[in-house]
Amino acid sequence: MKTGIDLNKKQTIVRKYLLGLLMFCGFSWQVRGAVVDTLWIHSEGMDKEIQTVVISPGEGKATTPVIYLLHGHGGNAKSWVDDVKPDLPELADLYGICLVCPDAQNSWYWDSPLNEDSQFETFVSRELVSYVDGHYRTLPSREKRAITGLSMGGHGALWLAIRHQDVFGAAGSTSGGLDIRPFPDNWDMKEQIGAKDAGVCDWDDYTVINQTGKLKDGALWIIFDCGYDDFFFEVNQAFHQKLLERGVMHDFIVRPGAHTGEYWSNSIDYQILFFLKFFRESH
């Protein structure tokens, strides 16, 4: 019957419309939705696989700058996206940036002179950067690469950036342990470089605050912050003062808060904006 034919045609049209809509939605998801990859990246130096989370913008995005986010003591590769800032994928998509979160155990991001399987300065600054630039649509230059972290990761980010200014053009820290010397028995540091007075390593050589002599004003964009109630507040103030004495421009932010995920979640928003400005103005 004519009515039946018309109904079939209508059903066919509806099916085609729905299929087209689904295809469009799927395409839009790929273009717009950030991709979160959990990888195991081989370290030649340590001869083991290191878990790393890479958050990249959707398929439709052009090549992107990269921000490396380092976790704190007791954390891991998933700490930033699972615990501190679950909306990192949305930020990656919004700003067109790649975010990289490596696991570094409790290494303090040093190349440990005591443990061959804890060479995380080399891993993050060389092996990881090489892998990311080789497998993702990044802009592979120091002018489009920044690094920051929380607590132990704040120490690690500035340690790596100051010592590898050919790799990173901007660096940050939130609630960072920027001078390790007041805390000789805390957070597994002596497992990495020996006890402070044991004579294995000179702790003066392994603390960020004593790396400032390698800085020249303007060579590295620097931002760091700490809450008034944080046990690292005094060492952050001391680091700020050391940079002032050396004439190194930087952004130092203090605000109410303690050594908490809530503080870091708020802090990283400001640091990302700082890094975006660096990416725009650097050539």
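Structure shown above.
Here's what I pulled together on the structure shown here. (Residues numbered from 1 in each chain as written. Predicted model: local features only at pLDDT ≥ 70, side-chain atom pairs only at ≥ 80, totals over all residues. Heavy atoms only, no water.)

1. Observations regarding the state of the cysteines
At step 1: Summed over all chains, the structure comprises 0 disulfides.
At step 2: For the unlinked cysteine Cys98, the closest cysteine sulfur is that of Cys101, found at 9.3 Å.
At step 3: Classification of Cys98 as buried rests on a relative accessible area of 1%. (Disulfide = S-S within 2.5 Å. Buried < 20%, exposed > 50% of the residue type's maximum accessible area, 1.4 Å probe, protein only.)

2. Focus: the pairing of strand S6 (residues 170-174)
Where a strand is regular, its side chains alternate between the two sheet faces.
At step 1: In terms of burial, S6 is largely enclosed, as 5 of its 5 residues are buried.
At step 2: On S6, burial covers both faces: Ala170, Gly172 and Thr174 on one face and Ala171 and Ser173 on the other are all buried.
At step 3: Bridge count between strand S5 (residues 145-149) and S6: 2 bridges; the pairing is parallel. Note on S6: the bridge partner recorded for Ala146 is Ala170.
At step 4: Between the parallel elements S5 and S6, the chain passes through helix H5 (residues 152-163) in a crossover that is right-handed.
At step 5: As judged from the 5 bridges shared by S6 and strand S7 (residues 221-227), these two strands associate in the parallel manner. From the neighbouring strand, Ala171 faces S7, where its bridge partner is Ile222. (Helix = DSSP H or I, 4+ residues; strand = E, 2+ residues; numbered from the N terminus. Pairing = 2+ DSSP bridges. Right-handed = clockwise from strand over helix to strand, strands pointing away.)

3. What to know about the side chain of Glu121
At step 1: Note on placement: Glu121 falls in helix H4 (residues 120-135).
At step 2: A polar atom in the side chain of Glu121 sits 3.1 Å from the side chain of Trp159. (Polar contact = N/O pair within 3.5 Å; in protein donor to acceptor, adjacent residues only side chain to side chain.)

4. Here we look at the environment of Asn76
At step 1: When you line up the elements, Asn76 lands in the loop between strand S3 (66-70) and helix H2 (79-84).
At step 2: Classification of Asn76 by relative accessible area gives partly exposed; the value is 33%.
At step 3: For the pair formed by Asn76 and Asp103, sequence separation is 27 residues and the distance between their alpha carbons is 4.7 Å.
At step 4: In this structure Asn76 touches His71 and Asp103, once residues within four positions along its chain are discounted.
At step 5: Polar side-chain contacts of Asn76 include one of 2.8 Å to the backbone nitrogen of Lys78. (Contact = heavy atoms within 4.5 Å.)

Everything listed is a geometric property; what it means functionally is a separate question.
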